[in-house]
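# Per-entry structural report
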Amino acid sequence: MGNKDVLLSNGWDRIAYNVLRGLANEGLKVVFGTDNYLGMGYYSKYVSAKFIHHNYKRSEKLFINDILDSVKKYNPKVYIPTGEEIFAVGRNIDEFQKTGVKIPISDIHTLESLNNKVFSFRLAQSAHVPIPKTIVPADLNEIHKFIEENRLPVIFKRGWSRSAQGVFKVENLNISEIQLLIKNHNLEFGKFIVQKFVKGNTYGVSVLMNEGKPKAVFTHKRLREKIISGGPSTLRISTKNSTLEQLAINLLSSVKFHGVAMTEFKFDEETGDAWFIECNPRFWGSVGLAINSGVNFPFLLYRMAIDGDVEPVTNYKEGVIVEWWLGDKFVKLKNIFSNIRNSNYVSHSFKIDYYDDFYKDDPLPFFAWIYLLVRRKIVKLR
């Protein structure tokens, strides 16, 4: 039971599954935790041991107790949160420090400041990272004035949001409709931002930082997104962009970030203009692309936790295309039937090098994932 190398939590999705693969393929023994029996990696052949924990959203206290019990049971050298449970762990870090397990993450203040869009754009400004024109409105009058000065469209973003949930594009100046949007989506003044919409391709710069110093850098460009106006990518390609990479490092260095993060930018390839969009101070949806391109962030994070540091990694294979198979098929079907204008967006074909939700050497997690999604949809409909 005991003396495993790594313990993972919140392992229901493809992010955790790719983190698992990245660690296990380096010969590490991985304990895999998830909040139900259909977590994607729960059925992977790469798992050395597995357990069920409470959902951190429903009860943070029970979740933390479950993880602490599992740390005592399996005695892992390192514990890596794979998703947004990282904030629950950060808030309870003192409890984990008593066990001796290493957790390579930043302090809770840094994590929350980078994740919350109300604060992250201010951090970007202070680090001289360009952002779209932005306000944190105190009332409707401020919104009206901002739109008149900057023109439409604008983007409303809840401070705390992910996967484009809580993000809304406004394309006409109708104050009553804007007021209804705010009411229907429970947007609280002072807790959401309004930004001028900027055009450009979406890039993600993923970085491993050791107390503010970059140790690994990887850049990808989005080829398709689940929602055309933004949201999770379903198809992306490994690339390099020194401008964006330096901006991401500047932002994370300014707060002495520790651990892994992905910073998202809009980049106008014709003018070279760039704008900071958001930061995920945790593992991200396209981590499988980085791993398959030669930057194994999970293993590097583990080694940094164990050894205190790692040799910098900046070289990797460019032009690798990875698809989220299930997500990309959903995008194609949705947009073909709902918006003919975007037919080129969904019909353009690429040579796929890997899928980040299906691997031939370990197919069972993919089918467990499909079953989980179908079951959740049925429950939601009920």
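Just so you know, these numbers come straight off a predicted model, no measurement behind them. (Residues numbered from 1 in each chain as written. Predicted model: local features only at pLDDT ≥ 70, side-chain atom pairs only at ≥ 80, totals over all residues. Heavy atoms only, no water.)

## Thoughts on a nonpolar patch on the surface
A cluster of nonpolar residues, Y37, Y43, I52 and L364, forms a patch on the protein surface that exposes about 380 Å² of accessible area. Here L364 lies in helix α14 (residues 364–381). Note on L364: relative accessible area 47%, which makes it partly exposed. (Patch = residues over 30% accessible without salt bridge, like charges linked within 9 Å, V, L, I, M, F, W, Y side chains within 5 Å. Areas by Shrake-Rupley, 256 points an atom, 1.4 Å probe, with all protein chains shown as cover. Salt bridge = Lys/Arg side-chain N within 4 Å of Asp/Glu carboxyl O. Helix = DSSP H or I, 4+ residues; strand = E, 2+ residues; numbered from the N terminus. Buried < 20%, exposed > 50% of the residue type's maximum accessible area, 1.4 Å probe, protein only.)

## Remarks on the environment of E26
The topology assignment puts E26 in the loop between α1 (14–24) and β2 (30–34). Given a relative accessible area of 42%, E26 falls into the partly exposed group. In this structure, the C-alpha to C-alpha distance between E26 and I131, residues 105 residues apart in sequence, is 39 Å.

## Points about empty space enclosed by the protein
In the structure shown here, the tally under the stated rule is one cavity of 30 Å³ or more. Here the largest cavity defines a volume of roughly 70 Å³. If you go around the largest cavity, you meet 15 residues; those closest to its centre are I86, P104, I105, V260 and L301. Elements supplying a minimum of two residues to the lining of the largest cavity: β4 (78–81) and β12 (259–267). Here the residues of the lining of the largest cavity are counted per class, giving 11 nonpolar, three polar and one charged. (1 Å grid on protein atoms, 1.4 Å probe; cavity = no way out; pocket = protein on both sides within 12 Å on 5 of 7 lines; lining within 4 Å. Points joined across faces, edges and corners; volume = space filled by probe spheres on them. Nonpolar A, V, L, I, M, F, W, Y, C, P; charged D, E, K, R; others polar.)

## A look at a positive patch on the surface
Taken together, the side chains of K57, R58, R375 and R376 present a region of like positive charge at the surface. By secondary structure assignment, the location of K57 is in the loop between β3 (49–52) and α2 (60–74). Relative accessible area serves as the criterion here: at 62%, K57 is assigned to the exposed category. (Lys, Arg positive; Asp, Glu negative; His and termini not counted. Charge placed at Lys NZ, Arg CZ, Asp CG, Glu CD.)

## Some thoughts on unusual backbone geometry
Peptide bonds are, in most cases, trans, and in most cases residues other than glycine have a negative phi. In this structure, the amide linkage connecting L152 to the following residue, P153, adopts the cis form with an omega of 0°. In the Ramachandran plot, N10 falls in the positive-phi region, its phi being about 55° despite a non-glycine side chain. The exposure class of N10 is buried, given its relative accessible area of 7%. Phi at R151 is positive, roughly 70°, even though this residue is not glycine. Take R151: it is sitting in the loop between α7 (140–150) and β6 (154–158). A residue is classified by how much of its surface remains accessible, and R151, at 64% relative accessible area, is exposed.

## Quick word on the pattern of salt bridges
Enumeration according to the criterion identifies 18 salt bridges in this entry. Between K191 and E188 there is a salt bridge, and its shortest N-O distance comes to 3.6 Å. The partner of E225 in a salt bridge is R222, and the shortest N-O contact between them spans 2.7 Å. With respect to class, E225 is no different from R222; both count as buried. A single network of salt bridges, built from pairs that share partners, joins R14, R236 and D356.

## Side note on the sheet that holds strand β8 (residues 192–196)
The sheet built from four strands is open, its strands ordered β5-β8-β6-β7 with antiparallel pairing. Where the open sheet ends on each side, the last strands, each with one partner, are β5 (134–135) and β7 (167–170). Strand direction decides the pairing type here: β5 and β8, joined by two bridges, are antiparallel. Across the sheet, the residue bridging to I135 is V194, located in β8. Packing against the sheet, helix α6 (residues 117–126) makes contact with β5, β6 and β8, and its axis sits at approximately 50° to β8. Contacts from α7 reach β5, β6 and β8, with the element oriented near 15° to β8. (Pairing = 2+ DSSP bridges. Contact = heavy atoms within 4.5 Å. Axes fitted to C-alpha atoms, helices over the stretch in contact; angles between N-to-C directions.)

## Here we look at the environment of V320
By the element assignment, V320 lies in the loop between α11 (297–307) and β14 (321–323). Residues V320 and Y354 lie 34 residues apart in sequence; the distance between their C-alpha atoms is 8.3 Å. Among residues more than four places away in sequence, those in contact with V320 are R236, I237, S238, L289, S293, D353 and Y354.

On their own, these measurements won't tell you what the molecule is for.
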